[in-house]
Amino acid sequence: MTYPLIHKRVVRCYGFYDYLRDNKILQKEMTTLVFASNNAHKLDEIRSILGDRFMIKSLKEIGCDADIPETADSFRGNALLKARYVKEHFGYDCFADDSGLQVSYMDNLPGVYSARFAEKFAGQLGIDKDSLPEEKDKRNMECLLRSLNNNNAFAEGNSPKACFRTSIALIYEGGEYFFDGVVEGHIIADARGTSGFGYDPIFVPDGYDKTFAQLGNEVKNSISHRARAVSKLVEFLKK
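Residues numbered from 1 in each chain as written. Predicted model: local features only at pLDDT ≥ 70, side-chain atom pairs only at ≥ 80, totals over all residues. Heavy atoms only, no water.

A. Summary view of the pairing of strand E3 (residues 94-103). Across the 10 residues that make up E3, a large majority, 9, are buried. Pairing of strand E1 (residues 31-35) with E3 involves 2 bridges; the strand directions are parallel. By the bridge assignment, valine 34 is partnered in E3 with cysteine 94. Summarising the sheet, E3 and strand E5 (residues 161-172) pair through 10 bridges and their orientation is antiparallel. Directly across from alanine 96, in E5, lies its bridge partner alanine 169. With 2 bridges connecting them, E3 and strand E4 (residues 109-110) associate as antiparallel partners. In the strand pairing of E4, glutamine 102 is matched with proline 110. (Buried < 20%, exposed > 50% of the residue type's maximum accessible area, 1.4 Å probe, protein only. Helix = DSSP H or I, 4+ residues; strand = E, 2+ residues; numbered from the N terminus. Pairing = 2+ DSSP bridges.)

Listed below in structure tokens is the structure:
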């Protein structure tokens, strides 16, 4: 590789590595790693952490518009399905994640069905689907709360124990690796807060007296299941 003539003042004041990086001279030496997601927030977060060592690409950027099936019975299994799909069809090393809420009182449901809980389980739980809200997150949350109420889970002021769990599957340099993050807490009977998404308004993490939706994204993202899993991924990749 031939480097352009660089003025001594640039090297001294700006930094040789920074100059090469910002002028894309090092780009060919960076390892490309696909994050099997098109979530802009997730991508920005990962790129800000790994940008100096890896070129992180989204599914869209590699031309993948497939709805990758998530048919496994575990978070790790679903994450691995997505990572393997990218590796097999596009050839890139890749990582993917899967997350969900597990409520002990309900044998760890919604679990891997967290995003489609109402659609899959409302009928089995004796809940009329037509009586649930139309918006997906509210629909799932209401279905869960009704099921817990119908089974007296909140009787005498009880708060069912629960956890949010994230699993990341990484395919890298011929190996498959997993990184898990868990945050423990409990479910409350009435939704509180407006930030976040999914079940955030009814989940209170241990050590706090507010829901994820009340704590706000900055606090949530610093203590969440996903943050803990990503931290382990980053530690591994930076070795």
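B. Highlighting empty space enclosed by the protein. The full count for this structure, using the stated rule, is 1 cavity of 30 Å³ or more. In this model, the largest cavity occupies a volume close to 70 Å³. If you trace the largest cavity, you find it lined by Phe35, Lys42, Glu45, Ile46, Phe95, Asp97, Thr166, Ile168, Arg226 and Val230. Contributions of two or more residues to the lining of the largest cavity are made by helix H3 (40-50), E3, E5 and helix H9 (225-237). The element that contributes the greatest number of residues to the lining of the largest cavity is H3, accounting for 3 residues. Looking at the lining of the largest cavity residue by residue, the classes come out as 5 nonpolar, 1 polar and 4 charged. (1 Å grid on protein atoms, 1.4 Å probe; cavity = no way out; pocket = protein on both sides within 12 Å on 5 of 7 lines; lining within 4 Å. Points joined across faces, edges and corners; volume = space filled by probe spheres on them. Nonpolar A, V, L, I, M, F, W, Y, C, P; charged D, E, K, R; others polar.)

C. Seen up close, H3. Listing the buried residues of H3 in full gives Lys42, Leu43, Ile46 and Leu50. On an axial view of H3, the arc spanned by its buried residues comes to 95°, and they lie on one face. In H3, the exposed residues that point more than 90 degrees away from the buried face are Ala40, His41, Asp44 and Ser48. Here the buried face of H3 lies against E1, strand E2 (54-57), E3 and H9. (Arc of directions from axis to C-beta. Contact = heavy atoms within 4.5 Å.)

D. Up close: the layout of surface pockets. Here the largest pocket defines a volume of roughly 990 Å³. In this structure, the largest pocket is lined by 37 residues; those nearest its centre are Lys42, Asp97, Ser99, Phe197 and Arg226. Mapped onto the lining of the largest pocket, the elements with two or more residues apiece are H3, helix H4 (75-90), E3, helix H6 (136-150), helix H8 (217-223) and H9. Its residues placed into classes, the lining of the largest pocket shows 10 nonpolar, 15 polar and 12 charged.

E. Local environment of the state of the cysteines. Applying the stated criterion across every chain, the model contains 0 disulfides. In this structure cysteine 64 is a free cysteine whose sulfur lies 8.9 Å from that of cysteine 94, the closest cysteine sulfur available. With relative accessibility at 4%, the residue cysteine 64 sits in the buried group. (Disulfide = S-S within 2.5 Å.)

F. Examining the packing of H3 against H9 more closely. Packing of H3 against H9 brings their axes to within 11 Å, and their N-to-C directions diverge by 35°. Relative to H9, H3 is oriented so that their crossing is right-handed. Every residue of H9 that contacts H3 at Lys42, Ile46, Ile49 and Leu50 is listed here: Arg226, Val230, Val234 and Leu237. Of the residues in the contact of H3 with H9, the class split is 6 nonpolar, no polar and 2 charged. (Axes fitted to C-alpha atoms, helices over the stretch in contact; angles between N-to-C directions. Left-handed = near helix turned anticlockwise from the far one by under 90°.)

G. Spatial organisation of H6. With 15 residues, H6 ought to run about 21 Å at 1.5 Å a step, and its terminal C-alpha atoms sit 21 Å apart, in line with that. Along H6, the positions that sit buried rather than exposed are Arg139, Asn140, Met141, Cys143, Leu144, Leu145, Ser147 and Leu148. Check the buried side of H6 and you find it contacts E3, E4, helix H5 (117-121) and strand E6 (175-187). Two or three places before aspartate 137, at the start of H6, stands the capping residue glutamate 135, its side-chain oxygen 3.2 Å from that residue's backbone nitrogen. (Expected span 1.5 Å × (residues − 1). Polar contact = N/O pair within 3.5 Å; in protein donor to acceptor, adjacent residues only side chain to side chain.)

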